[in-house]
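If you want the building blocks of each chain, they are given just below.
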Amino acid sequence: MWSGRFREPLDPAFESWQRSFPFDVRLLPQEVAASKAHARAIAAAGILSATELATMLDGLDRVIPFALEEASKSLGGDAAWGSSTASAVLAAAPAIVALHPEAEDIHHFVELMLTKIIGELALKLHTGRSRNEQIATDMRLFVRDAIDQTLRGLLSWRGALVDQARAAGETVMPSYTHLQRAEPVLVAHWLLAYVSMLERDFSRLEDCRARLNVCPLGSGAIAGATLALDRTIAAEALGFDVPTANSMDATSDRDFALDFTQALATLGLHISRFAEELTLHSTAEFGFLDLPERFSTGSSAMPQKKNPDLTELIRGKAGRLQGAAVTLATIVKGLPLAYNKDLQEGQEPVFDAADTISGILSVLPEFTRALHFRADAMQAAAEKGYLNAMAAATYLTHKGVPFRKAHEKIGQAVRLGLETGRELGELSLEELRSFGEEFGAGFFDAITLEATLDCHDVIGGTARGRVRDAIEDASRRIASDTASIASKKSAKLGLERNALV
Ligand code: ARG
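Just so it is clear, the model here is predicted, and its values are computed rather than measured. (Residues numbered from 1 in each chain as written. Predicted model: local features only at pLDDT ≥ 70, side-chain atom pairs only at ≥ 80, totals over all residues. Heavy atoms only, no water.)

> Just checking my understanding: could you explain the overall build of the protein for this structure?
Along the protein, the regular secondary structure elements total 21 helices and 6 strands. Its C-alpha radius of gyration of 30 Å places the protein more than 25% over the 23 Å reference for a compact globule of 501 residues. When its C-alpha atoms are laid out on the principal axes, the protein stretches across 100 × 55 × 40 Å. Counting every position in the protein, which comprises 501 residues, the buried fraction comes to 50%. Here the analysis covers contacts within the protein between residues at least 6 apart in sequence; of these, 76% occur between residues at least 24 apart. Of the charged side chains in the protein, 52 are positive and 66 negative, and the gap between their average positions amounts to 2 Å. (Helix = DSSP H or I, 4+ residues; strand = E, 2+ residues; numbered from the N terminus. Rg over C-alpha atoms; globule rule 2.2 N^0.38 Å. Buried < 20%, exposed > 50% of the residue type's maximum accessible area, 1.4 Å probe, protein only. Contact = heavy atoms within 4.5 Å. Lys, Arg positive; Asp, Glu negative; His and termini not counted. Charge placed at Lys NZ, Arg CZ, Asp CG, Glu CD.)

The structure is reproduced here in structure tokens:
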């Protein structure tokens with residue numbers, strides 16, 4: 001690919017160590033798509049005739065089937081690869097790599113294959129382009145596809161949470177601050193807290209997608225292509241909005257990968273908090289939750305155990321997502337413009353983050369749907385421990401007592417309750433009046449479980465009517481987000497189906 005100016009062969013250990021083909025092989029669909037787009041651009045610039053272009057496009061279309069066929073033969077001829085192009089390439093990757101020790105990276109590999117398929121004409125493909133812009137393009141295509149997949153997974157998880165919220169009806173649970181019981185809330189309200197987080201994750205990923213959708217092809221090695229290419233041809237062919245604005249930035253920019261991994265790191269935090277809560281809730285100590293058996297495991301030692309492996313593993317994988325974001329940021333930090341080989345090292349964290357989130361979202365929505373809450377235990381926990389004390393103090397404020405005073409009086413009532421083993425509702429009016437004459441018969445109605453919920457009648461509060469509305473709002477946003485991802489241009493390009501260009 002570049003040996004012309006060299007007199008010495010590469011050190012064999014260095015040669016194999018610096019190769020990226022073992023991991024960038026998975027960019028094969030993206031590299032083929034980007035190569036087809038570039039072929040169209042150089043044909044328009046007069047480098048390829050119409051027949052040459054047709055031959056080249058046809059040859060590029062044959063690269064993946066050719067590589068899969070070759071890989072299959074090397075394994076005895078009957079390997080059945082995945083159903084989509086992307087999954088087939090992933091399954092065949094080790095065999096493809098083993099068959100091509102001569103390929104330095106995915107760019108080199110596609111040229112080698114194309115040369116095998118269409119001969120010398122293949123050598124014209126690299127006219128007016130550089131691997132620096134190619135890898136920047138392939139990675140953008142990869143991340144765009146990974147974002148679309150993640151958005152679909154997030155929608156499915158949001159749907160599961162909202163369905164559970166609807167099914168929970170008026171089931172009540174204690175809420176916690178400092179992991180101490182605070183106030184009663186609807187289970188639906190708690191579930192919708194996660195929906196709010198996921199809506200932010202969704203919009204972060206959509207923002208990232210909108211920003212990344214520009215095409216580096218035509219940027220050359222650093223200073224721009226040396227041919228007068230119409231850069232809009234490749235951009236359009238690949239479903240990008242426009243060509244990138246600056247060739248130095250385009251070839252060295254990895255913000256899109258940083259945005260992606262950082263958005264996944266934050267999503268990972270949310271997933272991990274959910275996982276932690278469910279892990280806690282499923283303990284005998286809480287007893288709020290029956291773990292679905294088909295998503296739990298037993299212990300090989302203790303026959304009675306049902307372990308929350310799914311939530312634990314998810315909590316662990318969230319750590320990996322943090323790691324990917326940090327690795328990538330550390331690689332990019334301090335790199336002089338423009339392309340540096342360090343950037344090659346930034347591919348694997350992106351792949352790992354994409355695979356990790358795809359794995360998590362392959363189980364989390366179904367797991368969420370299978371959750372079975374123990375409404376009785378949750379309600380019992382919400383009814384004990386003076387969780388209505390805020391509502392009680394609020395009752396007094398409606399009687400004109402300043403909140404600080406009301407707080408103190410209810411505090412005294414709680415103290416009496418603690419000393420005599422009773423809840424606020426079990427104290428007599430007479431006893432209560434000893435703390436203030438504002439206590440009236442209406443006090444007991446103001447501190448029932450329902451009244452305690454419904455006094456939080458504000459936007460975003462846990463009053464029953466508010467939560468009913470919030471469920472409908474969340475459903476509507478799922479519907480509009482579903483429509484929004486269906487309209488994305490490249491969703492129709494279907495990289496995974498190799499229908500690009
Ligand atoms: N494999 C390389 C990477 O992933 C492709 C770009 C190589 N460019 C270069 N000038 N050596 O970064």
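Now, onward.
> I'm lost on the nonpolar core in this one. Help?
The nonpolar side chains of a soluble globular protein tend to be buried, and buried together. Judged by nonpolar contacts, the single largest core of 113 residues is most densely connected at Leu28, Met56, Phe109, Phe260 and Leu364. Broken down by element, this core gets its largest block of residues, 15 residues, from helix H7 (residues 131-168). The contacts of Leu28, once residues within four sequence positions are left out, are Val63, Ile64, Ala67, Val89, Ile106, Phe109 and Val110. Grouped together as the second largest cluster of nonpolar side chains are 18 residues, Tyr395, Val401, Ala406 and Leu427 included. (Core = buried A, V, L, I, M, F, W, Y, C linked by side-chain atoms within 4.5 Å.)

> It is not clear to me how the pairing of strand S2 (residues 180-186) should be interpreted in this structure. Could you clarify?
Each regular strand carries side chains that alternate between the two faces of the sheet. Pairing of strand S1 (residues 172-177) with S2 involves 5 bridges; the strand directions are antiparallel. When the bridges of S2 are listed, Thr177 appears paired with Gln180. In textbook terms, the turn of a hairpin is the stretch between consecutive antiparallel strands, and for S1 and S2 this stretch comprises 2 residues, one of which, His178, has a positive phi near 60 degrees. (Pairing = 2+ DSSP bridges.)

> How do you make sense of the site of the ligand when you look at a structure like this?
Every residue lining the ligand is accounted for by Ser20, Asp105, His107, Arg131, Asn132, Ile135, Tyr339, Gln344 and Gln347. Between Ser20 and the ligand, the recorded distance is 3.1 Å, taken from a side-chain N or O atom to a nitrogen atom. One nitrogen or oxygen atom from the side chain of Tyr339 is found 2.4 Å from an oxygen atom belonging to the ligand. Here the ligand has 340 Å² of accessible area as a free molecule, and 86% of this is covered by the chains. Partitioned by chemical class, the residues of the shell around the ligand number 2 nonpolar, 5 polar and 2 charged. (Near = heavy atom within 4 Å. Polar contact = N/O pair within 3.5 Å; in protein donor to acceptor, adjacent residues only side chain to side chain. Areas by Shrake-Rupley, 256 points an atom, 1.4 Å probe, with all protein chains shown as cover. Nonpolar A, V, L, I, M, F, W, Y, C, P; charged D, E, K, R; others polar.)

> I tried to follow the packing of aromatic side chains on my own but got confused; where do I start?
All chains considered together, the criterion is met by 14 aromatic pairs. Arranged with centres 6.4 Å apart and planes meeting at 25 degrees, the rings of Trp190 and Phe274 form a pair that is stacked. You can see Trp190 sitting in helix H8 (residues 187-212) and its partner Phe274 sitting in helix H11 (residues 255-281), a full 84 residues away along the chain. Residue classification places Phe274 among the buried positions, given a relative accessible area of 1%. For the pair Phe439 and Phe443, a centre-to-centre distance of 5.1 Å together with 80 degrees between the ring planes defines the contact as edge-to-face. Pair check on accessibility: Phe439 and Phe443 agree, each one buried. An aromatic cluster of at least three residues, connected via ring pairs, comprises Trp157, Trp190, Tyr194, Phe274 and Phe373. The residue whose ring lies beneath Arg26 is Phe351, and the NZ or CZ to ring-centre distance is 4.7 Å. Positioned above the aromatic ring of Phe240, the side-chain terminus of Arg144 is 5.0 Å from the ring centre. (Phe/Tyr/Trp six-rings, centres within 6.5 Å; stacked < 30°, edge-to-face > 60°. Lys NZ or Arg CZ within 6 Å of the ring centre and 35° of its normal.)

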